[in-house]
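# Coordinate inspection notes
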Amino acid sequence: MYGINVFKVKEVLQCPKLTSLPGSSSVVRGVAHIRGGTIPILDLSLATGNPPIENLVDRFVIITEYNIRIQGFLVRGVERIINMNWEDIQPPPKGTGHDHFLTAVTTYNGDLVEIIDVEKILAEVSPVNDDISEELITEEITQRATELEIMIADDSKIARKQMAKTLLRIGFKVVQFNDGKEAHDHLLDLVAQGINPAEKYPILISDIEMPEMDGYTLTAEIRANPKLKAMFVVLHTSLSGVFNKAMVSKVGADDFLAKFQPDMLGQLVIDRITGLGIDLPPSEGEG
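Below, the structure is looked at part by part.

Conventions used here
The written sequence of each chain sets the order in which its residues are numbered from 1. Totals for whole chains, interfaces and linings use every residue, but because this is a predicted model, local features are given only for residues with pLDDT of at least 70 and side-chain atom pairs only at 80 or more, for both listing and counting. For the side-chain quantities, the full set of heavy atoms in the structure was used; hydrogens and water were omitted. Working definition: helices are DSSP H or I runs of at least four residues, strands are E runs of at least two. Numbering for both runs from the N terminus. For the radius of gyration, the atoms used are the C-alpha atoms, and the globule rule reads 2.2 Å times the number of residues raised to 0.38. Two residues form a contact once any of their heavy atoms are found within 4.5 Å. The Shrake-Rupley method, run with a 1.4 Å probe, gives the accessible areas here. Residue values count only the displayed protein chains as cover. Only four residue types enter the charge count: Lys and Arg as positive, Asp and Glu as negative, with His and the chain ends excluded. The location of each charge is read from NZ of Lys, CZ of Arg, CG of Asp or CD of Glu. In this scheme Phe, Tyr and Trp rings, the latter by its six-membered ring, pair at centre separations within 6.5 Å, and the angle between planes marks the pair as stacked below 30 degrees, edge-to-face above 60, and tilted otherwise. To sit over a ring, a charge needs its Lys NZ or Arg CZ within 6 Å of the ring centre and within 35 degrees of the ring normal. Relative accessible area decides the class of each residue, using a 1.4 Å probe on protein chains only: under 20% of the type maximum gives buried, over 50% gives exposed, and in between gives partly exposed. By definition, the arc is the one covered by directions from the helix axis to the C-beta atoms. Polar contact is the term for a pair of N or O atoms within 3.5 Å; when the atoms are in protein, one must be able to donate a hydrogen and the other to accept it, and sequence-neighboring residues count only if both atoms are side-chain atoms. In a helix, the anticipated span is given by 1.5 Å times the number of residues less one. Pairing between two strands is assigned when DSSP locates at least 2 bridges connecting them. For crossovers, right-handed means that the path from the first strand over the helix to the second runs clockwise, given strands pointing away from the viewer.

## Observations regarding the overall build of the chain
For the chain, the helix and strand inventory stands at 9 helices and 13 strands. Radius of gyration (C-alpha) of the chain: 21 Å, near the 19 Å computed for a compact globule of 287 residues. By principal-axis analysis of the C-alpha atoms, the chain measures approximately 75 × 45 × 35 Å. For the chain, long-range pairs separated by at least 24 residues make up 63% of all intrachain contacts whose partners lie at least 6 apart in sequence. Per element, the accessible surface of the chain, about 14600 Å² overall, is 51% carbon and sulfur. Of the side chains in the chain, 27 bear a positive and 41 a negative charge, and the two mean positions are spaced by 4 Å.

What follows is the structure in structure tokens.
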């Protein structure tokens, strides 16, 4: 039994007529004309290494919006919508390797539910350009960045990889965590050691939907702790639009960024470190 975040689901339909798309990935079973637009339909079984779905007329398509793109996932059936607390959703068991397509697991009525890392599937089927524009990176910015660490928290391996690639390209050091609880525990450990997390990390970039502790809760916990509340928190998510912007303001995050746009991510962190007025070491040859 598999699951995906319902906030990313626009609707569930009986599988419509599909038109094949020559030259596309085998995972793309075709395109469908839905609500006045043409949407690619991906076979979620094939995408996760299982046999293709047969008898399409009796199957369903879940229409989703991820990373500002709309796509449909072909599935054999949709059981139900269930409400879960993030603390009841756990990371995949350790020892499962690096090639699985899971972002989390939970249980429902005694059955294991595997929550799919949709971002990993989309990155493999239809990769996005994850290169930051060269003109954003100046020598001065790189010099500033090499003195700094940025903290990121995201349960998707591919999302962490994409963010880290952009930040490393600018010159930052990157410290990564798999979920909000790991990130929060790390911050509390720093405080216990007498280290100011806001000084160590000029930016914390956090996903919103994560097992054990989501990004909203992480931000709220940071703002509620006098020794953490000065941290600059950016919520970075594939969820769309108005819903997030309202919640960002409510929990007290400093900014919101939709996934995945390397230039916008790069510009945001560059603006942040430029505004900090960090002292730079003298250039070679200067007294």
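## Things to note about the packing of aromatic side chains
Scanning the model with the defined rule gives 0 aromatic pairs in all. For Lys120, the ring lying beneath its charged end belongs to Phe101, and the centroid distance is 5.1 Å.

## Some details on helix H7 (residues 215–224)
Within H7, the full set of buried residues consists of Gly215, Tyr216, Leu218, Thr219 and Ile222. One side of H7 holds all its buried residues, which, seen down the axis, span an arc of 165°. Its side-chain oxygen 3.0 Å from the backbone nitrogen of Tyr216, Asp214 forms the N-cap of H7.

## Observations regarding helix H5 (residues 180–192)
For H5, built from 13 residues, the straight-helix expectation of 18 Å at 1.5 Å per residue is met to within 8% by its first-to-last C-alpha distance of 18 Å. Buried within H5 are the following residues: Gly180, Ala183, His184, His186, Leu187 and Leu190. Buried residues of H5, seen end-on, are gathered within an arc of 160° and therefore sit on one face of the element. On the buried face of H5, the contacting elements are strand E9 (149–153), strand E10 (173–177), helix H6 (197–200) and H7. Capping the start of H5 is the job of one residue whose side-chain oxygen sits 3.0 Å from the backbone nitrogen of Lys181: Asp179.

## Considering the sheet that holds strand E8 (residues 111–116)
Strand order in this open sheet of 3 strands is E1-E8-E7, and the pairing throughout is mixed. Two strands lie at the open edges of the sheet, namely strand E1 (2–3) and strand E7 (102–108), each paired on one side alone. In this sheet, E8 lies alongside E7 in antiparallel orientation, the contact comprising 6 bridges. Looking across to E8, one finds that Leu102 is bridged to Ile116.

## Re the pairing of E7
In terms of burial, E7 is a largely internal element, 5 of the 7 residues being buried. Taking the residues that link successive antiparallel strands as the turn, the E7-E8 hairpin has 2 residues, and the phi of Asn109 there is positive, at about 50°.

## Regarding the pairing of E9
Remember that side chains alternate between the two faces of the sheet whenever the strand is regular. Most of E9 sits inside the fold, with 4 of its 5 residues counted as buried. Both E9 and E10 contribute to a ladder of 5 bridges, which runs parallel. When the sheet's bridge partners are listed, Ile152 is paired in E10 with Gln176. A crossover links E9 with its parallel partner E10, the connecting element being helix H4 (residues 157–170), and its sense is right-handed. Two strands pair when backbone bridges link them, and E9 and strand E11 (residues 204–206) are joined in this way by 3 bridges, in the parallel orientation. Considered in E11, the bridge of Met151 is made with Leu204.

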